Amino acid sequence: SSEHLSRLVSDLFELSKLEARQVELKKQPFVLSELLQDVSAKYSLMAEEKQLTITPSISAKEAVVNGDLKMIERVLQNLIENAIKHSPENSAITINLHQKEKQLELSISNTGVGIPEKDLPKIFDRYYKAEKHYGEKKGTGLGLAIVKNILEMHESAIRVTSKVGEYTTFGFRLPVYG
């Protein structure tokens, strides 16, 4: 309980600063595929515990973006952790990173219960948890709101598609640097 409360306070503090735009971006060029590989590796043990496979499909291996490395890392962490948390055992998570013209497009998909269409507009709201109707999962209900704000600061947007009982996919785009 104290660990959950500590994370809630930390996430709430982070979200409040992001919403008030009190966080300054520290932009630098970096290879997004390398960051994605590092973050995926951090979550491999968590995935293995649920017998999940994480399958990357990366065609833009050398593409560079200009952004706040730590903030984009947080986006990837939140999205991968959510995918693991909401995937049934013995299923797969697919991560795609492709370049489309002057944009890098990243998506993270998982199989599972999905998100009802009526809940999709609300899932980026603070404390909203669509799964409250579909089995309680641990979490603060702030992760997607944090993702949304970080991406807005990078002049991007988070997208979601989902089909109940089948899959959920979150994605975003960042401009290629240079």
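Structural data are supplied above this passage.
Residues numbered from 1 in each chain as written. Predicted model: local features only at pLDDT ≥ 70, side-chain atom pairs only at ≥ 80, totals over all residues. Heavy atoms only, no water.

Enquirer: Break down the nonpolar core for me, citing the residues and quoting the values.
Expert: L32, L79, I123, F170 and F172 are the most contacted members of the largest nonpolar core, which totals 46 residues. Going through the elements one at a time, α1 (2-19), α2 (32-42), α4 (69-85), β4 (92-100), β5 (103-111), α5 (143-153) and β7 (167-175) are the ones with two or more residues in this core. In terms of residue count, the dominant contributor to this core is α4 (8 residues). Aside from chain neighbours lying at most four places away, what touches L32 is A63, V65, I72, L76, L97, L104, L106 and L174. (Core = buried A, V, L, I, M, F, W, Y, C linked by side-chain atoms within 4.5 Å. Buried < 20%, exposed > 50% of the residue type's maximum accessible area, 1.4 Å probe, protein only. Helix = DSSP H or I, 4+ residues; strand = E, 2+ residues; numbered from the N terminus. Contact = heavy atoms within 4.5 Å.)

Enquirer: Mind laying out the packing of α4 against α5, listing which residues take part and the relevant values?
Expert: Remark: α4 packs on α5, axes separated minimally by 9 Å, with the N-to-C direction vectors making an angle of 145°. Crossing hand, α4 versus α5: left-handed. For the pair formed by α4 and α5, the contact residues are M71, I72, R74, V75, N78, L79 and N82 on the first element and G143, L144, I146, V147, I150, L151 and M153 on the second. Grouping the constituent residues of the contact of α4 with α5 by class yields 10 nonpolar, 3 polar and 1 charged. (Axes fitted to C-alpha atoms, helices over the stretch in contact; angles between N-to-C directions. Left-handed = near helix turned anticlockwise from the far one by under 90°. Nonpolar A, V, L, I, M, F, W, Y, C, P; charged D, E, K, R; others polar.)

Enquirer: Could you give an account of the pattern of salt bridges, with specific residues and numbers?
Expert: Applying the stated criterion to the full structure yields 11 salt bridges. Here R74 makes a salt bridge to D11, at a shortest N to O gap of 3.0 Å. On the criterion of sequence distance, the pair formed by R74 in helix α4 and D11 in helix α1 is long-range, its members being 63 residues apart. The residues R74 and D11 share a single accessibility class, namely buried. Linking D119 and K118 is a salt bridge whose minimum nitrogen-to-oxygen distance equals 3.4 Å. Overall, D119 belongs to the buried group, its relative accessible area being 0%. Taken together, the shared-partner salt bridges in this structure form one network comprising K100, E105, R159 and R173. (Salt bridge = Lys/Arg side-chain N within 4 Å of Asp/Glu carboxyl O.)

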